[in-house]
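# Architecture and fold: a report
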Amino acid sequence: MDFSISPELAALEEKIRQFVSANILPCEQDPASYDDYGNIKLPLLHEIRQQVKDAGLWAPQIPKEQGGLGFGPVGMAVLYEAMNYSIFGPVCFNCAAPDDGNMYILNQVATPEQKARWLQPIIDGKARSSFAMNETAPGGGSDPSMIETTAELKDGKWVIHGRKWYITGAGEAEHFILMAKTSDDPRQGLTAFLFHRDDPGWRIERRIGIMGPEEHGGHCELIFDGLTLDEDRVLMGVGQGLKVTQIRLGLARLTHCMRWLGLAKRAVAIASDYAATREGFGIKLADRESIQMKLGQAAMDIETGRLMVMRAAWRIEQGSKARQDVSMAKIHVSELLNRVTSDAIQICGARGYSKDTVLEWIYRYARQALLVDGATEVHQMVINRFLMANGHDFWTWGVGDD
Ligand SMILES: Cc1cc2nc3c(=O)[nH]c(=O)nc-3n(C[C@H](O)[C@H](O)[C@H](O)COP(=O)(O)OP(=O)(O)OC[C@H]3O[C@@H](n4cnc5c(N)ncnc54)[C@H](O)[C@@H]3O)c2cc1C
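Bringing the overall build of the protein chain into the picture now. Counting secondary structure elements, the protein chain contains 12 helices and 10 strands. The globule rule puts the C-alpha radius of gyration for 402 residues at 21 Å, and the 22 Å found for the protein chain is close to it. Its C-alpha atoms put the protein chain at 80 × 55 × 45 Å along the principal axes. For the protein chain, the proportion of its 402 residues judged to be buried stands at 45%. Excluding contacts between residues fewer than 6 apart, the proportion of contacts in the protein chain whose partners are at least 24 apart in sequence is 72%.

The next thing to look at is the site of the ligand. Inspection of the region around the ligand gives 19 residues, with Met133, Asn134, Gly141, Ser142 and Glu377 positioned closest. Contributing elements (two or more residues each) for the shell around the ligand: strand 1 (129–132), strand 3 (157–168) and helix 12 (376–390). Here the residues of the shell around the ligand sort into 12 nonpolar, 6 polar and 1 charged. Here the shell around the ligand spans two domains, since at least three of its residues come from each of domain 2 (129–238) and domain 3 (242–394).

This brings us to the packing of helix 5 (residues 99–109) against helix 6 (residues 112–123). When two helices pack together, their arrangement is given by the angle between the helix axes and the distance between those axes. One can describe the packing of helix 5 onto helix 6 by two numbers: an axis separation of 10 Å at closest approach and a directional angle of 150°. Judged by the angle between their axes, helix 5 and helix 6 are roughly antiparallel. The two elements helix 5 and helix 6 cross, and the hand of that crossing is left-handed. Here helix 5 contributes Asp99, Asn102, Met103, Leu106 and Asn107 to the contact with helix 6, which in turn contributes Gln114, Lys115, Trp118, Leu119, Ile122 and Ile123.

For the rest of this paragraph, the subject is helix 2 (residues 42–54). The end-to-end C-alpha separation of helix 2 is 18 Å, in line with the 18 Å expected for 13 residues at 1.5 Å each. Downstream of helix 2 by a residue or two, Gly56 has a phi angle that is positive, lying close to 75°.

This next bit is on the pairing of strand 1. The two faces of strand 1 match: Ser129 and Phe131 on one face and Ser130 and Ala132 on the other face are all buried. With 4 bridges connecting them, strand 1 and strand 4 (residues 175–181) associate as parallel partners. Counted as the bridge partner of Phe131 is Ile177 from strand 4.

Before going further, it helps to spend a moment on the domain arrangement of the protein chain. The domain boundaries assigned to the protein chain delineate domain 1 (7–96), domain 2 (129–238) and domain 3 (242–394). Its C-alpha centre places domain 2 at a distance of 30 Å from the equivalent point of domain 3. The partner domain 3 presents 12 residues to the 13 residues of domain 2 that form the contact. The residue makeup of the side of domain 2 that touches domain 3, split by class, is 10 nonpolar, 2 polar and 1 charged.

Let us look at the nonpolar core. One finds Phe193, Ala264, Ala267, Val309 and Ala344 to be the most contacted residues of the largest nonpolar core, which totals 117 residues. Looking at which element gives the most residues to this core, the answer is helix 7 (residues 241–277), with 18 residues. For Val309, the contacting residues outside a window of four places in its chain are Ala77, Leu254, Cys257, Met258, Leu261, Ala329 and Val333.

Note the cis peptide between Ala97 and Pro98, where omega equals 0°. Counting through the fold element by element, Pro98 comes out in the loop between helix 4 (89–92) and helix 5. Put simply, Ala137 and Pro138 share a cis peptide bond, and its omega is 10°. As for its position among the elements, Pro138 is in the loop between strand 1 and strand 2 (150–154). Despite not being glycine, Ala59 shows a phi value in the positive range, around 45°. Looking at where Ala59 falls in the secondary structure, it is placed in the loop between helix 2 and helix 3 (73–83). With a phi close to 50°, Phe281 is a non-glycine residue in the positive phi region. Mapped onto the secondary structure, Phe281 falls in the loop between strand 9 (279–280) and strand 10 (283–284).

Turning our eyes to something else, we now look at the packing of helix 7 against helix 8 (residues 289–317). The interhelical angle for the contact between helix 7 and helix 8, taken along N-to-C directions, is 160°, at an axis separation of 10 Å. Relative to helix 8, the element helix 7 lies roughly antiparallel. The crossing of helix 7 and helix 8 is left-handed. Contacts from Leu251, Leu254, Cys257, Met258, Leu261, Ala264, Lys265, Val268, Ala271, Ser272 and Ala275 of helix 7 reach helix 8 at Ile291, Leu295, Ala298, Ala299, Ile302, Gly305, Arg306, Val309, Ala312, Ala313 and Ile316. Among the residues making up the contact of helix 7 with helix 8, the classes are represented as 18 nonpolar, 2 polar and 2 charged.

Rules of the game
Residues numbered from 1 in each chain as written. Predicted model: local features only at pLDDT ≥ 70, side-chain atom pairs only at ≥ 80, totals over all residues. Helix = DSSP H or I, 4+ residues; strand = E, 2+ residues; numbered from the N terminus. Rg over C-alpha atoms; globule rule 2.2 N^0.38 Å. Buried ≥ 20, exposed ≤ 12 C-beta atoms within 10 Å, placed from the backbone. Contact = placed C-beta atoms within 7 Å. Near = placed C-beta within 6 Å. Nonpolar A, V, L, I, M, F, W, Y, C, P; charged D, E, K, R; others polar. Domains from an automatic or database assignment. Axes fitted to C-alpha atoms, helices over the stretch in contact; angles between N-to-C directions. Parallel < 35°, antiparallel > 145°, perpendicular 65-115°, else oblique. Left-handed = near helix turned anticlockwise from the far one by under 90°. Expected span 1.5 Å × (residues − 1). Pairing = 2+ DSSP bridges. Core = buried A, V, L, I, M, F, W, Y, C linked by C-beta atoms within 7 Å.

Set out below in C-alpha cells:
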C-alpha cells in the first residue's frame, strides 16, 4: 500500500502553497480586498486569476487539452487543500464551487457542441455558472424526487415553470444547469437543462441573505415562468437528471471536503501562532496541556479527514462511485471544520472572535458545510443503506493485483 504522492504533484502543491502565501494571503489582510458580502472583490479576483494563469497554475482539475493541468481527484485532494489555506484561494485558481462541480459534470456528460458553448467559457474564466436544483417546500430539498419545477415539450421546445432557491452564484452566473421534472417516473422523471442568463422566461426574485460570507452572485431565489429552451439544451438525455445530479454531487461533495481541510489547517495555524506567543498565569498558552490536547485533537481530526478524502478520491479514480466513502468524508470533514474552527477561536480568545484574523470568517462559513450537498442526516441514511445492503462486507479493503 503506497500513501505517497508523485514528485510532480508534490512540486505543484509546493508552487501553489508559495503562490497562496505570496499573492493571496496579503489580500486577506486588507479590508479593501473584500466586497460587500465578505468575498474577494471582482476586479482584484480578475487580477489574481491572471497571475495564476501566468504562473501556470490555472484549473489543475481540467484536462490539459482544455486549458488545465490534467489532474484527477487524487491530485485535486492535494491541491485544493493547499489553495484553501486562504479563504480566497480556490476561486483564484478556478477551483471553487459551484463552477468546479459544473465544469466536472459538463466534461463528463455534455456533447462536444455543448462543451464548446457551455463549458469552455467557464474553464477559461470568461463565464461563471450555477446549479439550480433546490426548491421551496413542498418542492425538492434533501429529497430530489419531490422536485416540482416542470419542463413540458410543446411544439419542439421545452417550457419550464417553477421556483428554486439558495442557488449559489446565480447573481453573477451566465451559464445555468437546471433540474426539472419531465415525467412521473420515479427513477427517470428528472431532466437537466442548460440555460443562459439572457434566455427570457425566468428571473431572480431575491438574493437571500445568509449567516456566512457569500460566493460571488450570492444565494438566490429564482422564478421560472415560461423559460423556453430548444431541445439541444437537454444535458445527457431526457430522464437522466437524477444521474446528472449523482455524478455531479459525487465529486462536488468531495471537493468541498478537500477545500474545507485547507480551511481547517489554516485555523490550526492561526491558533498555534497565538498560543506560541501568548503568556498567562506564568507560562505560554502553548505549554499548557489543555491547549496541546485541543491542537493535537485538531491535527488528528484533520489527518483522519485527509485519509477519508484521499481514499474516496482514489476510489473514484479507480472507477467506483465511492458513495459511502464520499458520505463518510462529507460528514467527518464538515464536522471537524466546525469543531476545529471553534476551538481555534477559543484558543485565540477575543482576537479569535474579532475580524483581525480570518477565524470568524471561517466559523461563519463552516456552518453551511453541515447542510450543503446533503445534510449530515441524509449522508448517515446513505451510509446505513450501504451497511444494510452489505453487512459485514461494508468494511472491505478491496484486493489489488499482485
Ligand atoms: C449556503 C448554501 C448554498 C446552497 N447552494 C445551492 C445551490 O447552488 N444549488 C442548489 O440546488 N441548492 C443549494 N443549496 C441547497 C442545499 O442543497 C439544501 O439546503 C440541502 O439539500 C437541504 O435541503 P433543504 O434546505 O430543503 O432541507 P430539507 O430537505 O427541508 O431538510 C431540513 C433538515 O431536515 C433534516 N433531514 C432531511 N432529510 C432527512 C433524513 N432523511 N433523515 C433525517 N433528517 C433529515 C436535515 O437536518 C435537514 O437539514 C444551498 C444551501 C446553502 C445553505
